Every structure is written in C-alpha cells, then in structure tokens.
Amino acid sequence: MLSNLMSNYFFDTVEPIAKWISIGVIGTMILSLIVLFFNKKETYTKSEVAKTFGSVAVVYALVMGIFLVVLEILKKFSGGYLEENWVSSKIVGFVFIPVLVTLLLTLIGLIALFIIGKKKPEATKKVSLIVFAVCAVALVITIVLIAIFYAQNIVGDGYYTGDYGKLNSPLLYTFAGLLVLIVVATAFIVGKNNKKPFDSKCIAFAGVSVALSFVLSYVKFEGAWLQGGSITLVSFLPICLFSYIYGMKKGLVVGFVYGLLQAIQDPFIVHPAQFMLDYPIAFSMIALSGLLTDLNLLSDKPMLKFTIGVLLTGTFRYIAHVISGVFAFGAYAMDEGATSFLTYSAVYNTYVFIDIALVVVVGLILLSSKAFRKELDK
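As a starting point, this report considers the structure included with it. The residue numbering used here restarts from 1 in each chain and proceeds along that chain's sequence as written. Given that the model is predicted, a residue must reach a pLDDT of at least 70 before its local features are reported, and side-chain atom pairs must reach 80 or more before they are shown or counted; all residues, however, enter totals for whole chains, interfaces and linings. Working from all heavy atoms in the structure, the side-chain values ignore hydrogens and water.

**Considering helix 8 (residues 237-246)**
Phase 1: Partly exposed residues are those whose accessible area sits between 20% and 50% of the maximum for their type, while under 20% is buried and over 50% is exposed, using a 1.4 Å probe and protein chains only. Secondary structure follows DSSP: runs of H or I at least 4 residues long count as helices, runs of E at least 2 residues long count as strands, and numbering of each begins at the N terminus. Counting buried positions over the 10 residues of helix 8 gives 10, a clear majority of the element.
Phase 2: Backbone geometry just downstream of helix 8 places Gly-247 in the positive-phi region, at approximately 95°.

This is how it looks when you write it as structure tokens:
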C-alpha cells in the first residue's frame with residue numbers, strides 16, 4: 001500500500017515539473033525571438049535564427065517526448081495507478097500492452113522505412129506495404145482484446161447497464177466505421193496524385209512532429225472551459241503542419257500514432273468503439289489538414305489553405321468526440337440532469353474549438369514568416 005502511494009506521489013510530482021520545464025523552454029524561445037526581432041544589429045539572418053531555434057525545439061521535443069512516454073508507461077503499469085483508479089489488473093494485458101505493442105510496431109516500421117529509404121529507395125514501396133499490413137493486424141488484435149475486456153466488465157460494473165447510461169454498441173461501431181471509411185477513402189482518392197515520397201526526410205519530420213505534439217499535450221489548461229475538457233498549448237499544430245505539407249495519406253499514419261500515444265497518456269476507455277473514436281480516429285482526423293495539398297488548391301495562399309485544413313481537422317475531430325460522448329458517456333449526462341445526450345456531448349466537446357482557434361492563430365503567425373515558409377518548402 002505504501003509503495004503504491006509512493007509511486008503515485010512520484011508520478012504526480014514529475015509530470016507537473018516536466019510541464020513547467022516545457023513552458024519555460026517555450027517561453028525562453030519566444031522571448032529570445034522577440035529580443036532578436038527588435039535587435040537592430042543584424043547579427044544573424046532570419047534563416048539562421050529559424051534553423052537554430054528549430055534544432056533546439058527538435059532536440060528538446062525528442063528527449064522530453066521519449067521521457068514522457070516512458071513515464072506514462074511506467075505509471076499505467078504501476079499498482080498505484082490501478083488501485084487509485086479502481087481498475088482491474090487485467091486491463092494491463094488486455095488494453096495497455098496491446099496498445100503499447102501496436103505503437104511500438106508502428107514506430108519500428110517507421111524507423112525501418114527511414115533506414116531503407118536511405119539504403120534502398122526502390123524498396124520503400126514494398127516495405128511500406130509490409131509495415132502497413134503488420135500494423136493493421138496488430139490494430140485488429142488490439143481492438144479484439146479491448147472488446148473482450150470491456151465486454152466482461154461493462155456488463156457487471158452496474159454503471160453502464162440497465163436503463164442508466166445504457167451503451168448502444170451497434171451504433172457506436174457503425175459511426176466509428178463510417179468515420180474511418182470517409183477519411184481513409186478521401187485520403188486515397190484525393191492523394192493518388194500526390195508524388196511526395198515517404199522518404200527519410202518525411203519520416204524524420206513525422207517523428208519530430210509527433211514528439212513535439214506529445215510534449216505540448218502536457219501543457220494543459222484544465223478547467224478553462226466551463227463544461228469540462230482540457231485545452232492544450234497548440235498540441236496538434238506540429239502534426240497539422242506535417243499533414244499540410246505531405247498530404248492526407250501520410251497524415252493518417254502520423255495522426256494514428258499520435259492517437260495511440262494519447263491513449264497511453266490519458267486512457268479513459270469504457271468501450272472498444274469509444275476507444276477508437278476518442279483516440280486513433282479522432283486524432284487521425286488531423287490528416288484533413290492535408291486535403292487541399294492533395295487537391296493542389298490555394299498553393300499561392302498558404303495561410304488560407306492552412307486555416308481551411310485545420311478547420312476541417314477540428315470539425316471532424318469534434319464529430320468523433322461527440323459521437324463517442326452520445327453513446328458511451330450518457331451516464332455523466334444523466335448525473336448532471338441533462339435531458340439530451342446529444343446536446344450534452346455537443347456542448348461538452350466544444351473545448352475542441354478553442355484548441356482549433358489557438359492552432360490557427362499560432363499557425364498563421366508562423367506562416368506569415370517568409371523564413372519559416374522557406375524552411376517548410378525545403
């Protein structure tokens with residue numbers, strides 16, 4: 001019991017420290033940029049400044065991202081976490097480990113593509129198909145195991161059974177499947193003419209984008225929205241930029257990986273379809289930031305192009321969360337006296353639009369810089 005309390009204390013202490021260190025690093029970089037901007041002595045060119053700060057951000061994101069992932073894994077596997085959250089220890093084998101294995105296989109596959117892209121570029125397409133097949137099988141197995149676990153636990157826990165907060169599983173699966181079908185079909189239809197290779201530079205950019213987004217997702221403003229939900233410090237801006245540059249198909253992969261990381265960071269799962277809607281599906285919607293890139297539209301108006309892409313991303317992510325909320329979290333709506341599950345879920349998830357607004361504002365500031373756009377073009 002004492003060891004569990006100590007482990008909880010350790011994790012609860014380290015996470016806020018990492019959060020404030022991240023805020024300090026970001027603040028220092030912003031302050032330095034402001035000082036350089038008002039410095040009339042042209043000691044450094046804008047391109048040199050962009051490269052320097054970009055390198056610092058990349059290194060920091062990778063180091064902190066790896067540290068936070070390891071910390072989350074240790075926390076979720078600890079007895080203290082399971083005891084504090086009234087979670088059965090079986091969740092480790094049926095949920096945490098399958099999600100972790102799927103994530104690791106995806107990351108290993110990306111690393112393999114990175115290496116092969118440098119050594120044998122001609123074999124990249126064949127290897128990418130193998131990686132996709134392995135990850136798809138791992139995902140299916142993960143979903144089946146999660147389904148088994150929650151089929152056993154939802155029936156007997158007395159909270160999501162009977163007339164009180166009853167789950168509508170068929171509709172959950174139907175809507176989850178429809179969202180996946182819409183986005184994947186769109187990505188492959190509009191992306192058929194996208195000739196940007198899945199080369200080593202693309203994979204490196206993908207890894208950095210996921211790491212940056214994961215670190216930024218720890219900078220949360222909880223309670224900032226009356227209905228609930230947490231607003232982050234533009235956490236999905238890096239992967240929005242990745243999709244904006246490389247298109248929807250590659251954006252789907254990055255969004256999927258990021259969704260699994262979010263499931264490890266903050267797992268709140270009551271149903272397999274709800275898990276898919278709130279994590280891999282919701283964050284795979286970030287791929288829509290690359291829709292106009294694949295359609296080759298508004299190339300001469302990057303700021304408008306980016307804004308439309310992010311609005312599409314946010315809207316479909318919102319839809320995924322709302323659908324999940326309607327069918328999987330009805331008990332909470334009843335607790336608060338809501339007469340309509342749809343209204344409750346729609347209002348609760350409006351915090352997503354605050355995230356969207358922040359991403360659009362910061363993204364437009366970055367894209368207004370010619371030096372930044374030049375680096376993106378490279």
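**Describing the environment of Leu-68**
Phase 1: Its location among the elements puts Leu-68 in helix 2 (residues 46-77).
Phase 2: Judged by its relative accessible area of 1%, Leu-68 falls in the buried class.
Phase 3: Sequence-wise, Leu-68 and Val-215 are 147 residues apart; in three dimensions their C-alpha atoms are separated by 7.6 Å.
Phase 4: Setting aside chain neighbours within four positions, we find Leu-68 in contact with Ala-18, Phe-214, Val-215 and Tyr-218. Note on contacts: a residue pair qualifies if any of its non-hydrogen atoms lie within 4.5 Å across the two residues.

**A look at the packing of helix 12 (residues 302-328) against helix 15 (residues 351-367)**
Phase 1: Packing of helix 12 against helix 15 leaves a shortest axis separation of 10 Å and a crossing angle of 160°. Between helix 12 and helix 15, the angle falls in the class roughly antiparallel. Of the two possible hands of crossing, helix 12 and helix 15 adopt the one that is right-handed. When helix 12 is examined against helix 15, the residues Pro-302, Met-303, Phe-306, Thr-307, Val-310, Leu-311, Gly-314, Thr-315, Arg-317, Tyr-318 and His-321 are found in contact with a partner set consisting of Tyr-351, Val-352, Phe-353, Asp-355, Ile-356, Val-359, Val-360, Gly-363, Leu-364 and Leu-367.
Phase 2: Any residue outside Ala, Val, Leu, Ile, Met, Phe, Trp, Tyr, Cys, Pro, Asp, Glu, Lys and Arg is labelled polar, Gly included; the first ten of those are nonpolar and the last four are charged. Split into classes, the residues belonging to the contact of helix 12 with helix 15 amount to 14 nonpolar, 5 polar and 2 charged. Angles shown run from 0 to 180 degrees and are taken between the N-to-C directions of axes, each axis being a line fitted to C-alpha atoms and, for helices, limited to the stretch in contact. Should an angle fall under 35 degrees it is taken as roughly parallel, and over 145 as roughly antiparallel, whereas 65 to 115 is taken as roughly perpendicular and any remaining angle as oblique. The hand of a helix crossing depends on one turn: near helix anticlockwise from the far one by less than a right angle means left-handed, and clockwise means right-handed.

**A closer look at the environment of Leu-312**
Phase 1: With respect to the helices and strands, the residue Leu-312 is situated in helix 12.
Phase 2: For Leu-312 and Gly-290, which are 22 residues apart along the polypeptide, the C-alpha to C-alpha distance reads 9.8 Å.
Phase 3: Beyond its immediate sequence surroundings of up to four residues, Leu-312 is in contact with Leu-288 and Leu-291.

**A word on the packing of aromatic side chains**
Phase 1: In summary, the pairing rule links any two rings of Phe, Tyr or Trp, Trp by its six-membered ring, whose centres are within 6.5 Å, and it sorts them by plane angle into stacked for under 30 degrees, edge-to-face for over 60 and tilted for everything else. The tally for this structure, following the rule as stated, stands at 9 aromatic pairs.
Phase 2: With 5.6 Å between their ring centres and 70° between their planes, Phe-205 and Phe-242 make a pair best called edge-to-face. Here the residue Phe-205 occupies a position in helix 7 (residues 200-216), and Phe-242 occupies one in helix 8, the gap between them amounting to 37 residues.
Phase 3: For Phe-242, a relative accessible area of 0% gives the class buried.
Phase 4: With a centroid separation of 5.8 Å and an interplanar angle of 80°, the aromatic rings of Tyr-244 and Phe-306 are classed as edge-to-face. Highlighted residues: Tyr-244 in helix 8 and Phe-306 in helix 12, separated in sequence by 62 residues. We note that Tyr-244, like Phe-306, is buried.
Phase 5: Three or more aromatic residues link up through ring pairs in this structure, and these residues are Phe-205, Phe-242 and Tyr-246.

**A short note on the pattern of salt bridges**
Phase 1: Salt bridges are defined as contacts in which a side-chain nitrogen from Lys or Arg sits within 4 Å of a carboxyl oxygen from Asp or Glu. Scanning all chains against the criterion turns up 1 salt bridge.
Phase 2: Among the ionic pairs, Arg-317 bridges to Asp-355, the shortest N-O distance being 3.7 Å. One end of the pair, Arg-317, is in helix 12; the other, Asp-355, is in helix 15, and 38 residues separate them in sequence.
Phase 3: Exposure remark for Asp-355: the relative accessible area of 3% places this residue in the buried category.

**Some points on a nonpolar patch on the surface**
Phase 1: Only residues whose relative accessible area exceeds 30% and that form no salt bridge enter a patch; like-charged residues are grouped when within 9 Å of one another, and nonpolar side chains (Val, Leu, Ile, Met, Phe, Trp, Tyr) when within 5 Å. Throughout, the Shrake-Rupley method with a 1.4 Å probe supplies accessible areas, and for residues the shown protein chains are the sole cover considered. A cluster of nonpolar side chains, contributed by Ile-97, Val-101, Leu-105, Ile-130 and Val-134, occupies part of the molecular surface with about 370 Å² of accessible area.
Phase 2: The set of elements that each furnish at least two residues to the nonpolar patch consists of helix 4 (90-119) and helix 5 (124-156).
Phase 3: With 3 residues, helix 4 is the largest single contributor of residues to the nonpolar patch.
Phase 4: With respect to the secondary-structure elements, Val-101 resides in helix 4.
Phase 5: Val-101 gets classed as partly exposed once you look at its relative accessible area, which sits at 39%.

**Points about the nonpolar core**
Phase 1: Among buried residues, the Ala, Val, Leu, Ile, Met, Phe, Trp, Tyr and Cys ones that are joined through side-chain atoms within 4.5 Å form a nonpolar core. Counting residues in hydrophobic clusters, the biggest one holds 86 residues, and the most contacted among them are Val-95, Met-248, Phe-275, Leu-277, Ile-281 and Phe-306.
Phase 2: Sort the elements by how many residues they give to this core and helix 9 (residues 248-265) lands first, with 10 residues.
Phase 3: Residues within four places of Val-95 in sequence aside, it is in contact with Ile-146, Phe-149, Tyr-150 and Ile-269.

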